[in-house]
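Coordinates in review
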Amino acid sequence: MVSFLTRDQGKLRGVARRARRPKSGFGAGLERLSHVRMAYFQRESRELVNLDSCELIRSQFGLVSDYWASVALDYFAEVCEQLLPSAEPSEKFFRLLLAVLDFLQPSGEPGDAGRVWRAVTYFSLWAVRLSGWLPELNVCLRCGSVLDETERAFFGRGQAGLICGHCRGAAGAGSTWELSADSRSTAAEMLRKPVAQISKTHWDQGTASDLRRFLVQQIEAHAERRLVTARMFEASN
């Protein structure tokens, strides 16, 4: 059984018969998040397609030796599986996935070690945006006041947006986290620019970790389940 994302048909599931045979037409094409040219056919009224063969365009095998990059691949796959409805075209999501996978490839440039955190943050933000769940990041959900750079903003599990410090205090702190002005600014830039053009170049695990937590909570609230891979990112943070 194979779940795969296509540019024009969206997410599909199919059966790859003979895939384990030594001379199958699949080779490494069925590895996690490989970019391939797939040949398949679907019988009328059948949900599952039949995979015939695939031609490998780009493998992610080179990232396996990097632990965090490998976790990022698992995270991308899990989010796609949970967010994308079956057989609904989403070329923008397809292009998003290609962009972050391309960015994850080692470049050897300064700050290269932080590419995983930038890619995961960018992917999470746009996954929520393309799904139609991204709230305004500069407006309090409760009172409607504008959250400028001097205003503190907070979020909590099950909360659809950000709240200001006054509303948080009036309702009781509860289980909330702060989304810093710097992370809100980073999110705004990510919505305007490709992942490779973000001005903040030196990333580590702590960079925009509050933004990632906020986005994961949005994904989990709408998917109605916890993301296994998201917990792995937080484990050492």
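As the structure is a computational prediction, the values presented were derived from the model and not from experiment.

A positive phi angle is found at alanine 208, which is not glycine, with a value near 55°. Structurally, alanine 208 can be placed in the loop between helix 5 (181–190) and helix 6 (209–223). For glutamate 224, which is not glycine, the phi torsion reads 60° and is therefore positive. Relative to the elements of secondary structure, glutamate 224 occurs in the loop between helix 6 and helix 7 (228–235). Given a relative accessible area of 72%, glutamate 224 falls into the exposed group.

Glancing now at the sheet that holds strand 2 (residues 10–15). Strand order in the open sheet formed by four strands is 1-2-4-3, and the pairing between neighbours is mixed. Strands at the two margins of the open sheet, each flanked by one partner only, are strand 1 (2–6) and strand 3 (35–41). With direction set aside, neighbouring strand axes in the sheet form an average angle of 40°. Its contacts with the sheet place helix 2 (residues 91–104) against strand 1, strand 3 and strand 4 (49–58), and it is angled at close to 100° to strand 1.

Another aspect to go through is the pairing of strand 1. Along strand 1, the buried face is formed by Val2, Phe4 and Thr6; none of Ser3 and Leu5, which line the opposite face, is buried. Here strand 1 pairs with strand 2 via five bridges, running antiparallel. Within the sheet, the bridge partner assigned to serine 3 lies in strand 2 and is arginine 13. Two successive antiparallel strands, strand 1 and strand 2, enclose a turn made up of three residues.

Core analysis: the biggest nonpolar cluster contains 55 residues, and Tyr75, Phe76 and Phe123 have the highest contact counts within it. If you list the elements that add at least two residues to this core, you get helix 1 (67–83), helix 2, helix 3 (115–130), strand 5 (153–156), strand 6 (163–164), helix 5, helix 6 and helix 7. Filtering out sequence-adjacent residues up to four positions away, tyrosine 75 remains in contact with Val120, Phe123, Ser124, Val216, Ile219, Leu227, Thr229, Ala230 and Phe233. Counting nine residues, the second-largest nonpolar core is a separate cluster that includes Phe26, Val49, Leu51 and Cys54.

In this section: the layout of surface pockets. In this structure, the largest pocket encloses a volume near 810 Å³. Along the wall of the largest pocket there are 29 residues; nearest its centre are Ser3, Phe4, Leu5, Leu33 and Ser34. When residues of the lining of the largest pocket are traced back to their parent elements, those giving at least two are strand 1, strand 3, helix 1 and helix 2. Split into classes, the residues belonging to the lining of the largest pocket amount to 17 nonpolar, five polar and seven charged.

Among the structural elements, leucine 227 can be located in the loop between helix 6 and helix 7. The class of leucine 227 is buried, set by a relative accessible area of 0%. Separated by 145 residues in sequence, leucine 227 and glutamine 82 place their C-alpha atoms 8.9 Å apart. For leucine 227, the contacting residues outside a window of four places in its chain are Tyr75, Glu78, Val79, Gln82, Val216, Ile219 and Glu220.

The strand order across the open sheet formed by three strands is 6-5-7, and the pairing between neighbours is antiparallel. With partners counted over all chains shown, the strands left at the sheet margins are strand 6 and strand 7 (176–178), one partner each. Here strand 5 pairs with strand 6 via two bridges, running antiparallel. Looking across to strand 6, one finds that phenylalanine 154 is bridged to isoleucine 163. On top of the sheet, helix 6 reaches strand 5 and strand 7; it is set at about 40° to strand 5, its chief contact.

Conventions used here
Residues numbered from 1 in each chain as written. Predicted model: local features only at pLDDT ≥ 70, side-chain atom pairs only at ≥ 80, totals over all residues. Heavy atoms only, no water. Helix = DSSP H or I, 4+ residues; strand = E, 2+ residues; numbered from the N terminus. Buried < 20%, exposed > 50% of the residue type's maximum accessible area, 1.4 Å probe, protein only. Pairing = 2+ DSSP bridges. Axes fitted to C-alpha atoms, helices over the stretch in contact; angles between N-to-C directions. Contact = heavy atoms within 4.5 Å. Core = buried A, V, L, I, M, F, W, Y, C linked by side-chain atoms within 4.5 Å. 1 Å grid on protein atoms, 1.4 Å probe; cavity = no way out; pocket = protein on both sides within 12 Å on 5 of 7 lines; lining within 4 Å. Points joined across faces, edges and corners; volume = space filled by probe spheres on them. Nonpolar A, V, L, I, M, F, W, Y, C, P; charged D, E, K, R; others polar.

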